[in-house]
Amino acid sequence: MKKFFVLLVLLVFEAKALTIEFLGPCSQKPLLTSQVKSTTAKSVGELTIATLERFRAPHAGNTRGLNTAFNTPIGLDAMEVISDYEMRSYGWCYSVDNAIPEVFPDEFPISNKIQKITWFYGYAHYYKGEWLSQCEPAWEIRPAFLCIK
């Protein structure tokens, strides 16, 4: 009975791993996935930079946000002009447990309730003078200027 109780306690208190993954512009298949069982990171931003540095993934940015990762374009190179009145502007977005927070990653605290952080290369859609959306996953439309080589 004593062994059963110890086993039960170990199962109940088994550390859950948080998953952090990065999805590029052309595929839903992650460019990088990591399981984090414990961390000293206080925010999604800190954990993101620590993960990218740990795996030596090319990136630029800081805990406030990613300018580029995995050699994705930035600035004017990350703009897709569709017509005189329509364009898409690309960059990195993140979600926590499939919800996109409306705060910078350095403002989102790490907690043991978080199961998954997903960074994805996304876009904001501009049409006839209005921004219609933001943080739409680029892999859903596979933009030719990024995905066809």
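Here the structure is a predicted model, which means the values were calculated and not measured.

So, how was this worked out
Residues numbered from 1 in each chain as written. Predicted model: local features only at pLDDT ≥ 70, side-chain atom pairs only at ≥ 80, totals over all residues. Heavy atoms only, no water. Core = buried A, V, L, I, M, F, W, Y, C linked by side-chain atoms within 4.5 Å. Buried < 20%, exposed > 50% of the residue type's maximum accessible area, 1.4 Å probe, protein only. Helix = DSSP H or I, 4+ residues; strand = E, 2+ residues; numbered from the N terminus. Contact = heavy atoms within 4.5 Å. Disulfide = S-S within 2.5 Å.

(A) View of the nonpolar core. In terms of nonpolar packing, the biggest core is built from 26 residues, with Ile 20, Leu 66, Ile 117 and Trp 119 touching the most fellow members. Sorting the residues of this core by element identifies β1 (18-23), β2 (30-36), α2 (44-54), β4 (65-69), β6 (86-96), β7 (116-127) and α3 (144-147) as the ones contributing at least two each. If we skip the residues at most four places from it in the chain, Ile 117 touches Leu 18, Thr 19, Ile 20, Glu 21, Val 44, Leu 47, Ser 95, Val 96 and Ile 110. Core analysis: the second largest hydrophobic core is formed by 5 residues, Leu 23, Phe 120, Cys 135 and Trp 139 among them.

(B) A look at the state of the cysteines. Within this structure, the stated rule accounts for 2 disulfides. Disulfide pairing is shown between Cys 26 and Cys 147; the S-S distance is 2.0 Å. Between Cys 26 and Cys 147, the disulfide has an S-S torsion of -95° and is therefore left-handed. In this pair, Cys 26 is assigned in the loop between β1 and β2 and Cys 147 in helix α3, connecting sequence segments 121 residues apart. The disulfide partner of Cys 93 is Cys 135, and the gap between their sulfur atoms is 2.2 Å. A torsion of -90° about the S-S bond marks the disulfide between Cys 93 and Cys 135 as left-handed. Of this pair, Cys 93 sits in strand β6 while Cys 135 sits in strand β8 (residues 130-137), placing them 42 residues apart in sequence. Cys 135 carries the same exposure label as Cys 93, and that label is buried. Counting only the cysteines that form disulfides, in the order they appear in the protein chain, gives the pairing 1-4, 2-3.

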